[in-house]
Amino acid sequence: MPRLISWSFATGGAILLAGTALHPHEHVNGGTLQEQFHAMFSDSHWYPAHVLLLVGLALMTVAVVELARTTPPSLPRRTTRFAALASVIATAAMVLHLVAKLDDAHITAGSNTPLLYTHAAVETVTVPMFGIAFALLAA
């Protein structure tokens, strides 16, 4: 496997894990969904965690797109292409996830939160697709 692919997979995975460890968690027992999001958005780790997640996903995307472009005979071409597509989509969705915090003012004002619900709807599709794609790639 070329060094770029190996380096991007390893570095991206490590950065992704760091972002996951830093990610804020809900802090409101019995709170509404909006209160849970407000608690996470109020955490000072929101942006640093999500920037790390975005960088990690972007590096993983570089690796898997390059892998799909130069698929070795030992890997199924469809699987690597599906993983590349899922990774590109997941990285774009992470940008939306990163900026979802912009709806925090709407939460505290009690008004609509279109960005928050759009990001949640998008991730309902992209997170499982990314997980399935990488599970297939690993298998």
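Everything below is about the structure printed above this text.
Residues numbered from 1 in each chain as written. Predicted model: local features only at pLDDT ≥ 70, side-chain atom pairs only at ≥ 80, totals over all residues. Heavy atoms only, no water.

## Quick word on the packing of helix 4 (residues 77-99) against helix 6 (residues 114-138)
The axes of two packed helices give the description: the angle between them and the distance between them. Operational definition: What counts as an axis is a line fitted to C-alpha atoms, over the stretch in contact for a helix, and the angles between N-to-C directions run from 0 to 180 degrees. Only runs of H or I of at least four residues qualify as helices and only runs of E of at least two qualify as strands under DSSP, and these elements are numbered from the N terminus. With respect to orientation, any angle under 35 degrees is reported as roughly parallel, any angle over 145 as roughly antiparallel, any angle of 65 to 115 as roughly perpendicular, and every other angle as oblique. Take the far helix as your reference; a near helix turned counterclockwise from it by less than a right angle gives a left-handed crossing, and one turned clockwise gives a right-handed crossing. Residue classes follow a fixed rule: Ala, Val, Leu, Ile, Met, Phe, Trp, Tyr, Cys and Pro count as nonpolar, while Asp, Glu, Lys and Arg count as charged, and any other residue, Gly among them, counts as polar.
In contact at an axis separation of 8 Å, helix 4 and helix 6 are set at 150 degrees when each is read in the N-to-C sense. The angle between helix 4 and helix 6 falls in the class roughly antiparallel. For the crossing formed where helix 4 meets helix 6, the hand is left-handed. Broken down by class, the residue content of the contact of helix 4 with helix 6 amounts to 17 nonpolar, seven polar and one charged.

## Focus: the packing of aromatic side chains
Just so we agree on the cut-off: Two aromatic rings, drawn from Phe, Tyr or Trp (for Trp, its six-membered ring), form a pair once their centres lie within 6.5 Å of each other, and the interplanar angle then sorts them: stacked below 30 degrees, edge-to-face above 60, tilted otherwise. The buried label goes to any residue with under 20% of its type's maximum accessible area, the exposed label to any with over 50%, and the partly exposed label to all in between, with areas taken from a 1.4 Å probe on protein chains only.
Under the criterion given, the structure shown has three aromatic pairs. The interplanar angle of 35 degrees and the centroid separation of 5.7 Å between the aromatic rings of Phe-37 and Phe-41 together place this pair among those described as tilted. With Phe-37 and Phe-41 both in helix 2 (residues 33-42) and four residues apart, the pair spans about one turn of that helix. Relative to Trp-46, the ring of Phe-41 lies with its centre 4.8 Å away and its plane at 90 degrees, an arrangement referred to as edge-to-face. Like Trp-46, Phe-41 is buried.

## What about the pattern of salt bridges?
Filter applied, for reference: In what follows, salt bridge is the name for a side-chain nitrogen of Lys or Arg lying within 4 Å of a carboxyl oxygen of Asp or Glu.
Throughout the structure, instances matching the rule amount to one salt bridge. Here Arg-69 makes a salt bridge to Glu-66, at a shortest N to O gap of 2.8 Å. Here Arg-69 and its partner Glu-66 are both found in helix 3 (residues 46-69), three residues apart, which amounts to about one turn of the helix. Taking the relative accessible area as the measure of exposure, Arg-69 reaches 59% and is therefore exposed.

## Some points on the nonpolar core
Inclusion rule: As used here, the term nonpolar core means buried Ala, Val, Leu, Ile, Met, Phe, Trp, Tyr and Cys residues forming a set that is joined through side-chain atoms within 4.5 Å. Contacts are residue-level and defined by heavy atoms, with any inter-residue pair within 4.5 Å sufficient.
Phe-9, Val-64, Phe-134 and Leu-137 are the most contacted members of the largest nonpolar core, which totals 20 residues. For this core, the secondary-structure elements that each account for two or more residues are helix 1 (3-22), helix 3, helix 4 and helix 6. Broken down by element, this core gets its largest block of residues, seven residues, from helix 3. Ignoring sequence-local partners within four residues, the contact set of Val-64 consists of Phe-9, Thr-80, Ala-83, Ala-84, Ser-87, Phe-134 and Leu-137. By size, the runner-up hydrophobic cluster in this structure holds seven residues, among which are Met-40, Trp-46, Ile-107 and Leu-116.

## Some remarks on the layout of surface pockets
The cut-off we apply is this: Cavities and pockets are defined on a 1 Å grid built over the protein atoms alone: a cavity is a set of grid points where a 1.4 Å probe fits but cannot escape, while a pocket is an open set with protein on both sides within 12 Å along at least five of seven lines, and lining residues are those with an atom within 4 Å of any such point. Grid points are joined across faces, edges and corners, and a volume is the space filled by probe spheres set on the points.
Estimated volume of the largest pocket: approximately 270 Å³. As for the largest pocket, its lining consists of 13 residues, of which Leu-57, Met-94, Glu-123, Val-127 and Phe-130 are closest to the centre. Elements represented by at least two residues in the lining of the largest pocket include exactly helix 1, helix 3, helix 4 and helix 6. Within the lining of the largest pocket, the residues separate by chemical class into eight nonpolar, four polar and one charged.

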